[in-house]
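# Results of the structural survey
The lines below spell out each chain.
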Amino acid sequence: MVEVKIGLEIHCQLTGLQSKLFCSCQCDYRGKAPNTNICPICSGLPGTLPLLNQRAVDFASMISLALGCKVPDKVMFYRKNYFYPDLPKNFQITQYNAYGITSIGVEGRVDYGIKSTKIRRVQLEEDPGRLIYDTSFYTLIDYNRAGVSLVEIVTEPDFAEPKDVRMFLNKITSIIEHLGVGDTKLDGSVRCDVNVSLEGGKRVEIKNVGSFRDVEKALGYEITRQKTMSVRDIEIKSETRHWDEARKVTKQSRAKEEEEDYRYFPEPDIPTIVLGNEFLSSLKAKMPELPDERKIRFLREYELSDHVAQVLIDNKELADFFESTVKIYSSSPNEIANWIVSDLLGFIDDSKREEGSLFSGLRIEAKHMAELVKMIDQNIINRNIAKMILGQITKTGEMPSYVLDKMNASLIDSKAIISEAIESIFNSEKSAVRDAKQNPNAANFLLGKVMQLTGGRADPKIALNLIKTKLAVLE
Amino acid sequence: MPNHLYRLTADQVASGIKNRDFSAQEYISQILERIEKIDLKINAFVAVDKQGAAEKARSIDKRIHDGEHTGGLAGVALGIKDNICTKGLKTTCASKMLEGYVPPYDATVIKKLKENDAIIVGKLNLDEFAMGSTTEYSKYGPTRNPWNINYVAGGSSGGSAASVAALECAMSLGSDTGGSVRCPASFCSVVGLKPTYGCVSRSGLISYSNSLEQIGPVGKTVSDVVMLMNAIAGTDENDQTTRTTAIETIPNTMSLDRIPKYRLHQNNRNIRVGLVKELVEGADPAVSKCIYSAVDLFSRSDCKCEDTSMKSIEYALASYYTIAMAEASSNLARYDNIRYGFDSNPEEYEWNTYFAKVRNNFGEEVKRRIIIGSYVLSAGYYGKYYLKAQKAREMIKQEVKSLFEKYDVLIAPTMPILPFKFGEKIDDPLKMYQIDIDTVVANLAGIPAISIPVGFSDCLPVGLQIMANEMEEQTLFDVASSFESIVDIHKSPEI
Ligand SMILES: [Zn+2]
């Protein structure tokens, strides 16, 4: 078995902020007309100076603490110099670990399941603008995103399997969401570079995997590719590849650019930021509950099973939904949690999970879930009916009691009534009845006719049973 | 109406207009006439805003007539170095790269001047992106020295000093990265100040070397410079490197920012003066002679003057140029002609080749500094050059700090040589860099330094430099004002 080493570089926008990292432009650039969310500072006009957003420092410090990192007493910003049209100043203001100065977080550790991964560093930096490769001759530039706060999280190459990476990313997502510093569901708000090497082999970097879901796929592809090459004795080169989202493969990047020298040096326009113990303890006091703490509370307060609690806290929306439901109906937290984890999750369209809210397209709210579980507890409905009702309310947003009433009113489950309908169909559809006698599948045709006659209100199960019985006794 | 209003100091202009001795419009029309008449010879202005100046003068006169409030600089004609952003007025840094560039915002100092009702008459010539000591590296051609138009005016704020000396405006703003205000002030026989780093907002000053530079006032007298400092100094929410520790400050009505308040009182009683030996002895004898005789006169009053030594001075130039060029290489990277700049068709260019094509339009000196600056920051050389330069800077700071435990002010020549003829040093960059030896210390240490006229040698001006500890502008003004009254050489050139 060849050992695989995987490391990650995660970029996460601090969308929880109002304004950009160095100016007062909106952090929320999405959906705006190109180059309208800009000012002299973030478009790099001559003479402008960066004005550090203190809340971004708070947020980045919170992330660092949540990832178990050391936060230094003093932090500085550095300039990373390179020419690229999406950079208004042709340098990026970021952080750098050198000469005794570190970025905002270093040497952390994140546990997930029974495994853990070391965090090399967390740094705060500005997002570049966006290049839009028009189908025509031109490349267009939109600076609306330029200057949005970005936190870069770099792990040690501690992962051995893609599924560990997935679990780790779930945890990171949940931490970011719990801290309220970013909305990871927004398009492009989290991006990931991964590096993969086989035991003793060269390191291959895969850039710009646009969503966490694709990370696992990209890794799967890349590991298979490298293993195949190694089996065939083809040398694996140290290179940068790109993830082709459409074809789900990694592709070699264009001709290898020469080794870039970023000429890092301290940003003179931003004075050194002093953090220190007082800052950190006041920050810790303000920090929201983190997923790990929340899980422990779920186990203690609601006596949930470890697995169920884990599934809930892995996704803040799910955990919030659970707690909102318990707030309305507090008698059966366990029952509520089980319904959420084993049934409600089934209705969630997996493909949509990364695009919008977990519940996007579903109309269910906590009050529905609360009433549903209450009705089960009171023996008003059994589990099967509850499942049918759940399916209905996710689509319509109606209260379970209302759905139940409607079902009672509309469904014809009286055998007498249904038998009457069957009798009349058997009389009018003689040849179909003969066919059905030979071929049981044709019975569905007769059922259709019965449903038609009853305006769709007959209970189809009862109707089909009655049809089959009648066919069986027919000579 | 007096005939020579343009000769007045800013102080006299402000009170003359306030007391209705003459109107702002009368004064401004004389100033504009003066510019029209002599700037062809001097070339201090790169643009004159006749219409804006006339309109502002009209509105000031109206407000004075109506008994409304006017600012402390009401009516005073000011010129602005063309690397300070003025909303709606072209700001070019005397570079092809910013040809036609009109900033959409005012630098903080410009906002403050406008609040004080100063009249901005135009933009002033400089070395391209403030890189130079003679104003010869300007795309508009060199500024000439009003005392002898065959001589350089100094730089990089050549236009700022020459315009004041030639009576084309009452005061001006320059910027000083390694002596760029003091050098031309000395060469043109006017007063020029480089404030403490962080004392004046740099927001809107087009960066050459951010950790060294400050905007600085130029005037005919110390009193005028104090008046201008009171208008422009103070903390600014748009520049996080600004600070103030002045004892007396007044709050800004619009924000949390504080404005220091400086006063003018001559005071040299018990002042401890250190004469920086290395710099006086290293100067041209014509220069040091002037300095010695000024100090002689000065020390007859109640102050203690003695020779002192600044050993770290030998690292100053190397440290200064390494840091300045490193920062410049990064600051000037943004000029790629994508978002603003001169007309150039990008069609059929891949962006990298387009950048290369348009960036070839920087002048020779700017290119030299970008290349050297990139080199000293590059992997493998960073420790050898940039980091070493920072260490030297720290040493200089420490030594300066310890000198100010012994002395209230340090005195040196502003320039080691007299003004020289055009073309004399332009082909030898190293020779050109060496003339900054007396001024760079103040920038490296972040301390305030002022140049005041102390005499002439062969009809060419000599300036004396006074340095004080950081945030000690008041001490600087006290001593400079005493010197000014003792030496008393104020006169104007015949043009
Ligand atoms: Zn902005």
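Residues numbered from 1 in each chain as written. Chains lettered and ligands numbered in written order. Predicted model: local features only at pLDDT ≥ 70, side-chain atom pairs only at ≥ 80, totals over all residues. Heavy atoms only, no water.

Turning to the coordination of the zinc ion, a few remarks are in order. Residues and elements named next belong to chain A. Coordination sphere of the zinc ion, protein contribution only: Cys23 (SG), Cys25 (SG), Cys39 (SG) and Cys42 (SG), at 2.3 Å. Because the angles between the four donor atoms bound to the zinc ion fall within 104 to 114°, the donor set is best described as tetrahedral. Each donor residue of the zinc ion lies on one chain, and together they are spaced C-x1-C-x13-C-x2-C. In this pair, Cys23 sits in the loop between β1 (4-13) and α1 (54-66) while Cys39 sits in the loop between β1 and α1, placing the two residues 16 residues apart along the sequence. Considered together, Cys23 and Cys39 belong to a single accessibility category, that of buried residues. (Donors = N, O, S within 2.8 Å, 3.2 Å for Na, K, Ca; no water. Tetrahedral: all angles 85-135°; square planar, octahedral: opposite > 155°, others 65-115°. Helix = DSSP H or I, 4+ residues; strand = E, 2+ residues; numbered from the N terminus. Buried < 20%, exposed > 50% of the residue type's maximum accessible area, 1.4 Å probe, protein only.)

Pairing is antiparallel across the open sheet formed by three strands, whose spatial order is β4-β3-β14 (chain A). Looking at strand neighbours, the two that pair on one side only are β4 (91-94) and β14 (265-266) of chain A, the edges of this open sheet. Summarising the sheet, strand β3 (residues 78-81) of chain A and β4(A) pair through four bridges and their orientation is antiparallel. The residue of β4(A) that forms the bridge with A:Lys80 is A:Gln92. On top of the sheet, helix α10 (residues 316-331) of chain B reaches β3, β4 and β14 of chain A; it is set at about 60° to β3(A), its chief contact. (Pairing = 2+ DSSP bridges. Contact = heavy atoms within 4.5 Å. Axes fitted to C-alpha atoms, helices over the stretch in contact; angles between N-to-C directions.)

Quick look at the state of the cysteines now. In the structure shown here, the tally under the stated rule is zero disulfides over all chains. Considering cysteine sulfurs only, A:Cys12 is the nearest to A:Cys192, which forms no disulfide, with 11 Å between them. (Disulfide = S-S within 2.5 Å.)

All names here are of chain B. Across the five residues that make up strand β2 (residues 77-81), a large majority, five, are buried. Because side chains alternate across β2, one face comprises the buried residues Ala77, Gly79 and Lys81, and the other comprises Leu78 and Ile80, equally buried. Here β2 pairs with strand β3 (residues 119-124) via five bridges, running parallel. Counterpart to Ala77 in the pairing with β3 is Ile119. Here β2 pairs with strand β6 (residues 171-176) via three bridges, running parallel. The residue of β6 that forms the bridge with Leu78 is Met171.

Let us now look at the interface of chain A and chain B. The interface of chain A with chain B comprises 35 residues on the first partner and 42 residues on the second. Both sides together, the interface formed by chain A and chain B hides about 3,100 Å², and carbon and sulfur atoms give 59% of it. It is A:Pro46, A:Phe83 and A:Arg263 in chain A that bury the most area against chain B; as a group they hold 20% of the surface buried on that side. For the pair chain A and chain B, the number of links is one salt bridge. A salt bridge links B:Arg202 to A:Asp269, with the shortest nitrogen-to-oxygen separation between them at 3.0 Å. Where chain A touches chain B, the interface holds 18 residue pairs in polar contact (both at pLDDT 80 or more). Of all the secondary structure elements, the ones that give two or more residues to the side of chain A that touches chain B are β3 and β14 of chain A. (Buried area = accessible area lost by both parts, 1.4 Å probe. Salt bridge = Lys/Arg side-chain N within 4 Å of Asp/Glu carboxyl O. Polar contact = N/O pair within 3.5 Å; in protein donor to acceptor, adjacent residues only side chain to side chain.)

Residues and elements named next belong to chain A. A cluster of nonpolar residues, Ile132, Phe137, Tyr138 and Leu140, forms a patch on the protein surface that exposes about 400 Å² of accessible area. Note that Leu140 resides in strand β8 (residues 139-142). On the basis of relative accessibility, which here comes to 41%, the residue Leu140 falls in the partly exposed class. (Patch = residues over 30% accessible without salt bridge, like charges linked within 9 Å, V, L, I, M, F, W, Y side chains within 5 Å. Areas by Shrake-Rupley, 256 points an atom, 1.4 Å probe, with all protein chains shown as cover.)

Residues and elements named next belong to chain B. Within the secondary structure layout, Lys388 lies in helix α13 (residues 386-406). Exposure remark for Lys388: the relative accessible area of 54% places this residue in the exposed category. Between the C-alpha atoms of Lys388 and Glu306, which are 82 residues apart in sequence, the distance is 32 Å.

Residues and elements named next belong to chain A. Structurally, Ser19 can be placed in the loop between β1 and α1. Owing to a relative accessible area of 19%, Ser19 belongs among the buried residues under this scheme. The contacts of Ser19, once residues within four sequence positions are left out, are Ser24, Cys25, Gln26, Cys27 and Asn53.

For side chains of opposite charge, pairing can occur when their charged atoms come near one another. Counted under the stated rule, the structure contains 55 salt bridges over all chains. B:Asp239 is the salt-bridge partner of B:Arg202, the closest N and O atoms lying 3.9 Å from each other. Here the residue B:Arg202 occupies a position in the loop between β7 (191-194) and β8 (214-219), and B:Asp239 occupies one in the loop between α7 (222-232) and β9 (249-251), the gap between them amounting to 37 residues. With respect to class, B:Arg202 is no different from B:Asp239; both count as buried. Here the residues in one salt-bridge network are A:Glu289, A:Arg294, A:Arg297, A:Glu301, A:Lys316, A:Asp320 and A:Glu323, joined through shared partners.

Attention shifts here to the packing of aromatic side chains. In the structure shown here, the tally under the stated rule is 32 aromatic pairs over all chains. Ring centres 4.9 Å apart and planes at 45° place the aromatic pair B:Phe129 and B:Tyr335 in the tilted group. With B:Phe129 in the loop between β3 and β4 (144-145) and B:Tyr335 in the loop between α10 and α11 (351-359), this residue pair connects regions lying 206 residues apart in the sequence. Note on B:Tyr335: relative accessible area 2%, which makes it buried. Every member of this aromatic cluster is reached through a ring pair, and the members are A:Tyr78, A:Tyr82, A:Tyr96, A:Tyr262 and A:Tyr264. Note that B:Lys96 overlies the ring of B:Phe342, its terminal NZ or CZ placed 4.8 Å from the centroid. (Phe/Tyr/Trp six-rings, centres within 6.5 Å; stacked < 30°, edge-to-face > 60°. Lys NZ or Arg CZ within 6 Å of the ring centre and 35° of its normal.)

A few words now on the confidence of the model for chain A. Averaged over all residues, the pLDDT of chain A is 86; the fraction at 70 or higher stands at 93%. No element of chain A has a lower mean pLDDT than helix α11 (residues 400-410) of chain A, which averages 72, and none a higher one than β4(A), which averages 97. (pLDDT = per-residue confidence, 0-100.)

Sheet strands associate in pairs through backbone hydrogen bonding, adopting either a parallel or an antiparallel arrangement. Residue and element names in this part refer to chain B. Here we have 11 strands laid out as an open sheet, ordered β1-β3-β2-β6-β8-β7-β14-β15-β13-β11-β12, and mixed in their pairing. Each having just a single partner strand, β1 (45-48) and β12 (304-308) make up the two edges of the open sheet. Mean inter-strand twist for the sheet, computed between neighbouring axes without regard to direction, equals 30°. In the packing of α7 onto the sheet, contacts are made with β2, β6, β7, β8 and β14 (449-457), and the angle to β8 comes to roughly 145°.

What follows covers the pairing of strand β12 (residues 239-244) of chain A. All names here are of chain A. As judged from the four bridges shared by strand β11 (residues 204-209) and β12, these two strands associate in the parallel manner. Note that in β12 the partner of Lys207 across the bridge is His242. Between β11 and its parallel partner β12, the chain crosses via helix α3 (residues 212-231), and the hand of that crossover is left-handed. Sheet analysis places β12 next to strand β13 (residues 249-252), joined by four bridges and oriented antiparallel. In the sheet register, Trp243 faces β13, and the bridge partner there is Thr250. With antiparallel pairing between neighbouring strands as the criterion, β12 and β13 make up a hairpin whose turn holds four residues, including Lys248 at a positive phi of roughly 60°. (Right-handed = clockwise from strand over helix to strand, strands pointing away.)

The subject of this paragraph is the packing of helix α9 (residues 285-299) of chain B against helix α16 (residues 473-487) of chain B. Residue and element names in this part refer to chain B. Running from N to C, α9 and α16 point in directions that differ by 100°, and their axes come no closer than 10 Å. Judged on the interaxial angle alone, α16 and α9 are roughly perpendicular. Along the contact surface, α9 presents Ala294, Val295, Leu297 and Phe298, while α16 presents Val479, Ser482, Phe483, Ile486 and Val487. Taken together, the residues of the contact of α9 with α16 break down into eight nonpolar, one polar and no charged. (Parallel < 35°, antiparallel > 145°, perpendicular 65-115°, else oblique. Nonpolar A, V, L, I, M, F, W, Y, C, P; charged D, E, K, R; others polar.)

Let us look at α3(A). Residue and element names in this part refer to chain A. Between its terminal C-alpha atoms α3 stretches 29 Å, which fits the 28 Å expected from 20 residues at 1.5 Å a residue. All buried positions along α3 are accounted for by Phe212, Asp214, Val215, Ala218, Leu219, Glu222, Ile223, Arg225, Gln226 and Met229. The buried residues of α3 occupy one face: seen down the axis, they fall within an arc of 165°. Elements in contact with the buried residues of α3: β1, α2 (162-179), β10 (190-198), β11, β12 and β13. Among the residues trailing α3, Asp233 stands out with phi positive, at a value near 60°. (Expected span 1.5 Å × (residues − 1). Arc of directions from axis to C-beta.)

Quick look at unusual backbone geometry now. All names here are of chain B. Between Gly155 and the following residue, Ser156, the backbone shows a cis peptide bond with an omega angle of 5°. Its place among the elements puts Ser156 in the loop between β5 (148-152) and α5 (158-165). Of note in the backbone geometry, Thr135 takes a positive phi value of approximately 60° without being a glycine. Looking at where Thr135 falls in the secondary structure, it is placed in the loop between β3 and β4. At Leu167, a position not held by glycine, the phi torsion is positive, near 60°. If you trace the backbone, Leu167 turns up in the loop between α5 and β6.

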